[in-house]
Amino acid sequence: MHQPEPAVSVSNLTYSHNPPFPPALLDINLHLPRGSRTIVVGANGAGKSTLLQILAGKRLITAQDSDVRIKGRDVFRDSPPGVTFLGTEWAMNPVVRGDIIVSAFLDSVGGYRHKERRDHLLDILDVDLDWHMHQISDGERRRVQLCFGLMVPWDVLLLDEVTVDLDVLVRDDLLKFLKNDSETRGATILCKVPSSDVLDATHIFDGLNDFPTHVAHMRFGSFVIPPAAWPVTPTSALVSRFAPATTLYSVALQWLKEDRDHRRELEKRGRKSRGARRNEACPNNLRRSSH
């Protein structure tokens, strides 16, 4: 039987920010079906943002045998339409921090052409059309970004921590909107979740529990566990490690603890360590100045 073409397909992807240093991504293979919603979990520096940026065409790959495709089209040589990337750097851009009213800003990027969808998002995100972009908070600016990025129907959505500034109620309403969009239009979502959410705010992960169709675990630029079906079922690839009633929060917490233990084991074998240097002596110049 002919297998449908994946919405996102990555083969043999290795990428380095600076070639003399170890690669940020190492032999990544990823195939996401149309309509899937995948959450990628991993500690800071795992390569999650780099992967999303490459899929969005924001970082150029040079490896000849690497293949990165969305909707069957080469991301770099035949850019596919209908791909939306939303990252944290947008809200820091001086252009969107200028003295412009939100209504004028959204009209300037074509919001009037998608008025029904735009208005729905304005309600979900609780955005005031009379806000001035230079006077609002980072969280409010993030809501404007989401309205701006999502008001045009997308086929593939790449989310890089852009829900981190939202309050719990707005985040829950947004996730319901995205899930419905995925289910009704067959749109595909790949998102990175902040590691701090796992450690500091269990309610945020509880809100995500019913959202994904797949979860994945990255560590040091590679997939420890490639996208596996969620929730855990008796036939799931995760069932050998987690019970069917397992929450996404507990899975993510365990994976991050495993990442930390793995890093500490590598440090014992000679990898540069993190944390306090407990045997470090006080510098001579500071010792003299304290007398």
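Remember, predicted model here, so these are calculated numbers, not experimental data.

A.B. asks: Lay out the overall build of the protein chain with the relevant residues and their values.
C.D. replies: Summing up its helical and strand segments, the protein chain has 9 helices and 10 strands in all. Burial analysis of the protein chain (291 residues in total) assigns 46% to the buried set. Carbon and sulfur atoms provide 51% of the accessible area of the protein chain, an area that totals close to 15400 Å².

A.B. asks: Could you give me a rundown of the environment of His-132, with the residues and numbers involved?
C.D. replies: Tracing the backbone through its elements, the reader meets His-132 in the loop between α3 (115-125) and α4 (138-150). Owing to a relative accessible area of 27%, His-132 belongs among the partly exposed residues under this scheme. When the C-alpha positions of His-132 and Val-102 are compared, they lie 6.2 Å apart, and in sequence the two are 30 residues distant. Among residues more than four places away in sequence, those in contact with His-132 are Asp-99, Ile-100 and Ile-101. Among the polar contacts listed, one links the side chain of His-132 to the side chain of Asp-99, at a separation of 2.9 Å.

A.B. asks: Give a detailed account of the pairing of strand β9 (residues 214-219), specifying residues and quantitative values.
C.D. replies: A regular strand places its side chains on the two faces of the sheet in alternate fashion. Counted residue by residue, β9 has 6 buried out of 6 residues, so it is predominantly covered. The two faces of β9 match: His-214, Ala-216 and Met-218 on one face and Val-215, His-217 and Arg-219 on the other face are all buried. Where strand β3 (residues 37-41) meets β9, 4 bridges bridge the pair, whose relative direction is parallel. In the strand pairing of β9, Val-40 is matched with Ala-216. Pairing between β9 and strand β10 (residues 222-229): 5 bridges, direction antiparallel.

A.B. asks: Just give me the short version of the sheet that holds strand β1 (residues 8-15), but keep the residues and values in it.
C.D. replies: Pairing in this open sheet of 4 strands is antiparallel, and the strands run β2-β1-β4-β5 from one edge to the other. Strands at the two margins of the open sheet, each flanked by one partner only, are β2 (25-32) and β5 (73-74). Sheet topology places β1 next to β2; 5 bridges connect them, and they run antiparallel. Following the sheet pairing, Val-8 is matched in β2 by Leu-32. Together, β1, β2 and β4 (67-70) form the strand contacts of helix α1 (residues 48-55), whose direction differs from that of β1 by roughly 120°.

A.B. asks: Help me get a handle on the packing of α3 against helix α5 (residues 168-185), residues and values and all.
C.D. replies: Remark: α3 packs on α5, axes separated minimally by 8 Å, with the N-to-C direction vectors making an angle of 150°. On the basis of their axis angle, the class for α3 and α5 is roughly antiparallel. Between α3 and α5, the contacting residues are Arg-117, His-120, Leu-121, Ile-124 and Leu-125 on the first element and Val-170, Asp-173, Leu-174, Phe-177, Asp-181 and Arg-185 on the second. Among the residues forming the contact of α3 with α5, the class breakdown is 6 nonpolar, 1 polar and 4 charged.

Analysis parameters
Residues numbered from 1 in each chain as written. Predicted model: local features only at pLDDT ≥ 70, side-chain atom pairs only at ≥ 80, totals over all residues. Heavy atoms only, no water. Helix = DSSP H or I, 4+ residues; strand = E, 2+ residues; numbered from the N terminus. Buried < 20%, exposed > 50% of the residue type's maximum accessible area, 1.4 Å probe, protein only. Areas by Shrake-Rupley, 256 points an atom, 1.4 Å probe, with all protein chains shown as cover. Contact = heavy atoms within 4.5 Å. Polar contact = N/O pair within 3.5 Å; in protein donor to acceptor, adjacent residues only side chain to side chain. Pairing = 2+ DSSP bridges. Axes fitted to C-alpha atoms, helices over the stretch in contact; angles between N-to-C directions. Parallel < 35°, antiparallel > 145°, perpendicular 65-115°, else oblique. Nonpolar A, V, L, I, M, F, W, Y, C, P; charged D, E, K, R; others polar.

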